[in-house]
Amino acid sequence: MRNPILKIVAVSIIVINAMTLKAETTTMALPIGSPGAWSLDSCISYAINNNLSVKARQLDQLNGEVAVTQAKNNFLPTVNGSVNEMINFGRGLTSENIYANRNTTNFQWGLNASLPLFQGLRNIRNLKYEQVNLTTLLYQVEAAKDDVTLNVITAYLQVLYNYELLMTAQNQLELSTYEFERQKALAENGKIAEIDLLEAESQKAQDELQIVTSRNDYTNSVLDLTQLLQLSSIDNFSIVPLSEDEVLPIIPTAEDVYRSALINNNNLKASRNAIDAAEKYVSVAKSGWIPTLSFVGGIGSSYYTVNGFDNQSFKDQMKTNFTKTLGFSLSIPIFDGLSTKNNVRRARIQQFQAKLQLEQAETELYRTIQTAYYQASGARETYLTSLETERISQEAFNAMQEKYNIGRATPQEFEQSKNSLLAMTLQRIRSRYECLLRYRVLRFYEGNIR
C-alpha cells in the first residue's frame, strides 16, 4: 500500500474499530419495550412519590397545618403556675419600720389564668390568614408535582427519540456492512480497485462509530430519566413505546390551552391564593391598633419566716395567706414606636409583590404555551413534509442501489444517495418527537395529562 492517502484511511479504520469495540463493552440500558418496562404514567407516579422537591413542599404543607392549629389554639385560655423561694441575709426592714440584722425566708406559690375575650380581632384574622396560606401551600405542592410531571414527560420522550436514532444507526450499519462484504468479494476477484474497498470499509467504520455515539446518547437519556425517578441504577430499566395513535396528534390552539390553564394551572392557583393571603395579612397587621381585653384570675399563698422570732406554722400560713383574684385586663395601644404602622406597610408591600408574581406567572405561562404551540405546529408540518420527502428519497436510493450493483453508478453517487435518505429519516424522527413533546406540553397545560 504505497499511496499515503490509503495508509491514512486504513489507520483511521483500525482506530475507529478499536473505539467501537471498547465502547460496546460499556453498560447500556435495556431496549425499549423489554419485559417489566415502565409506562409514562408509572414513571410520573413514581417520580412524584419520590421527588425531593415535592417532599420539601409537602413539609411546608405540614408546617402550614400546624400554623392553622396554633391559630385555633390562640382562642384558648392560658394557665401558668409559679413557685418562689427567697432567702434574705443581713439588714432588712421590720414591721416596726426600722432596719435590723435579720435573716428571713419567703415561700410563695401561685396559679394564674388568662382568657382572651377580645384581642383586637387579631386571633380571628390570623386564623383566616393561616387557613388561606395553607391553601396556597397545597397548590404549591401540586405545582411542584406539575414540574416533576413535565420533566418526566420530556425525559421519557428523549429516551424514545434517542432509541429510534440508535435503531436508525443500526440499520445504516447493516447496510454498510453488506456493502463492505460485497465490495470485499469483488476486490478478491480483482473486479474493483483497492481504494473502493477501503472506502467501503471506512464507511462501515464510520457507521460503527455512529452506533457508539447513538448508544451513548440513549444510555445518557435513560440515566437522566432514572435520576428523575430517584433510581440508583439503569440496570434492567426500560420504558414502553408510544401507542400508534400518538404518531400525528391534532394540535390544540394556544388560546384554548391558555384559557384552560388559567383555570387549571396549580401555579396560578397558588399565586392567586397568595394575593388573598397577603390581604389577610394586612388585616392581621392592622390589629395592632385595636385595644385588647382579657379575663384574668388566680390563686396563691405564701409562707414567711423571720429568724429569731416565733413564726406561724407552714400549714397555718398557707391557710391564712391564701388569696383569690378575678379581674379584667384592658390594653389600649397609644404609641408603640410606629411598630404597627411599619408592619402594615410591610404587609402591603407583600400584597403588591403577590400581585406582581401572579402577573409574571400568567405572562410566562402564556409565553410558554404560545411557544409550544408554534413549535408543535411547525414540527407537525415538517413531519408531514419529511414523510413524503423520505418516501421519494427511499425510491431514489433503491434505484441508485440497483445502478450501483450493476456498476452504472460510482461509490460517491451511492453514498450521496444513501446520506440523502438518512438525512430525511433523521428529519422525520426529529420533527415527530418535537411535535409529540410540544403537544404533550400543551395537553398538560390544558389539564388533560397527569
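Since the structure is predicted, the reported quantities are computational estimates derived from the model, not experimental observations. (Residues numbered from 1 in each chain as written. Predicted model: local features only at pLDDT ≥ 70, side-chain atom pairs only at ≥ 80, totals over all residues. Heavy atoms only, no water.)

(A) Looking closely at the overall build of the protein. The helix and strand inventory of the protein stands at 10 helices and six strands. Taken against the 2.2 N^0.38 rule, which gives 22 Å for 450 residues, the C-alpha radius of gyration of the protein at 40 Å runs more than 25% over that of a compact globule. Along the three orthogonal principal directions, the C-alpha set of the protein runs to about 140 × 50 × 40 Å. Per-residue burial for the protein yields a buried fraction of 37% across its 450 residues. Restricting the contact set of the protein to residue pairs at least 6 apart, pairs at least 24 apart contribute 84%. For the protein, the exposed area adds up to about 26,000 Å²; of that, 54% sits on carbon and sulfur atoms. Computing the positive centroid from 43 side-chain charges and the negative centroid from 46, the protein places the two 11 Å apart. (Helix = DSSP H or I, 4+ residues; strand = E, 2+ residues; numbered from the N terminus. Rg over C-alpha atoms; globule rule 2.2 N^0.38 Å. Buried < 20%, exposed > 50% of the residue type's maximum accessible area, 1.4 Å probe, protein only. Contact = heavy atoms within 4.5 Å. Areas by Shrake-Rupley, 256 points an atom, 1.4 Å probe, with all protein chains shown as cover. Lys, Arg positive; Asp, Glu negative; His and termini not counted. Charge placed at Lys NZ, Arg CZ, Asp CG, Glu CD.)

(B) Representation of the nonpolar core. Ranked by size, the top nonpolar core spans 59 residues in total, and within it Val152, Leu160, Tyr218, Leu225, Ile239, Ile369 and Tyr445 carry the most contacts. Where this core is concerned, the elements lending two or more residues are helix H2 (40-50), helix H4 (122-188), helix H5 (194-228), helix H6 (254-264), helix H7 (266-286), helix H9 (339-405) and helix H10 (411-446). If you tally residues by element for this core, the top one is H4, at 15 residues. Formed by six residues, the second largest nonpolar core is a distinct cluster that contains Met400, Tyr404, Ala409 and Phe414. (Core = buried A, V, L, I, M, F, W, Y, C linked by side-chain atoms within 4.5 Å.)

(C) Representation of the sheet that holds strand E6 (residues 323-331) within the structure. Spatial strand order, E1-E4-E5-E6: four strands in an open sheet with antiparallel pairing. Each edge of the open sheet is held by one strand with a lone partner, namely strand E1 (78-88) and E6. Pairwise comparison of adjacent strand axes, ignoring direction, gives a mean angle of 20° for this sheet. Relative to strand E5 (residues 292-306), strand E4 (residues 104-118) runs antiparallel, the two being bridged by 14 bridges. Along E5, the bridge assignment pairs Thr105 with Thr305. (Pairing = 2+ DSSP bridges. Axes fitted to C-alpha atoms, helices over the stretch in contact; angles between N-to-C directions.)

(D) Just the environment of Lys324, in detail. Relative to the helices and strands, Lys324 is located in strand E6. Between the C-alpha atoms of Lys324 and Gly300, which are 24 residues apart in sequence, the distance is 6.8 Å. When residues no more than four places from it in sequence are discounted, the contact partners of Lys324 are Gly298 and Ile299.

(E) Representation of the confidence of the model for the protein in the model. On average, residues of the protein carry a pLDDT of 87, and 91% of them reach 70 or more. Within the protein, helix H3 (residues 52-73) carries the highest mean pLDDT (96), whereas helix H1 (residues 4-23) carries the lowest (43). Ignoring residues within four places in sequence, the model shows residues 1-26, a span with pLDDT below 50, making 26 contacts including any to other chains. (pLDDT = per-residue confidence, 0-100.)

(F) Fine view of the pairing of E5. Bridge analysis of E5 against E6 gives nine bridges, and the strand direction is antiparallel. Bridge pairing in E6 links Leu293 to Leu330.

(G) Main features of the side chain of Thr425. Mapped onto the elements, Thr425 comes out in helix H10. Among the residues examined, Thr425 registers a relative accessible area of 12% and is labelled buried. Beyond its immediate chain neighbours, meaning those up to four positions away, Thr425 contacts Thr168 and Glu390.

(H) View of the side chain of Ser386. Along the chain, Ser386 falls in helix H9. Judged by its relative accessible area of 3%, Ser386 is buried. If sequence neighbours within four positions are ignored, Ser386 has contacts with Met424, Gln427, Arg428 and Ser431.

(I) Structural view of H4. The end-to-end C-alpha separation of H4 is 97 Å, in line with the 99 Å expected for 67 residues at 1.5 Å each. One or two positions beyond H4, positive phi appears at Gly190, with a value near 70°. (Expected span 1.5 Å × (residues − 1).)

(J) Summary view of the pattern of salt bridges. Within this structure, the stated rule accounts for 16 salt bridges. Note that Asp207 is salt-bridged to Lys418, the shortest N-O span being 3.8 Å. Separated by 211 residues along the polypeptide, Asp207 in helix H5 and Lys418 in helix H10 bring together distant segments of the chain. Note on Asp207: relative accessible area 9%, which makes it buried. Asp256 serves as the salt-bridge partner of Arg259, at 2.2 Å between the closest nitrogen and oxygen. Here the residue Arg259 and the residue Asp256 both occupy positions in helix H6, the gap between them amounting to three residues, near one helical turn. Residue classification places Asp256 among the partly exposed residues on the basis of a relative accessible area of 35%. (Salt bridge = Lys/Arg side-chain N within 4 Å of Asp/Glu carboxyl O.)

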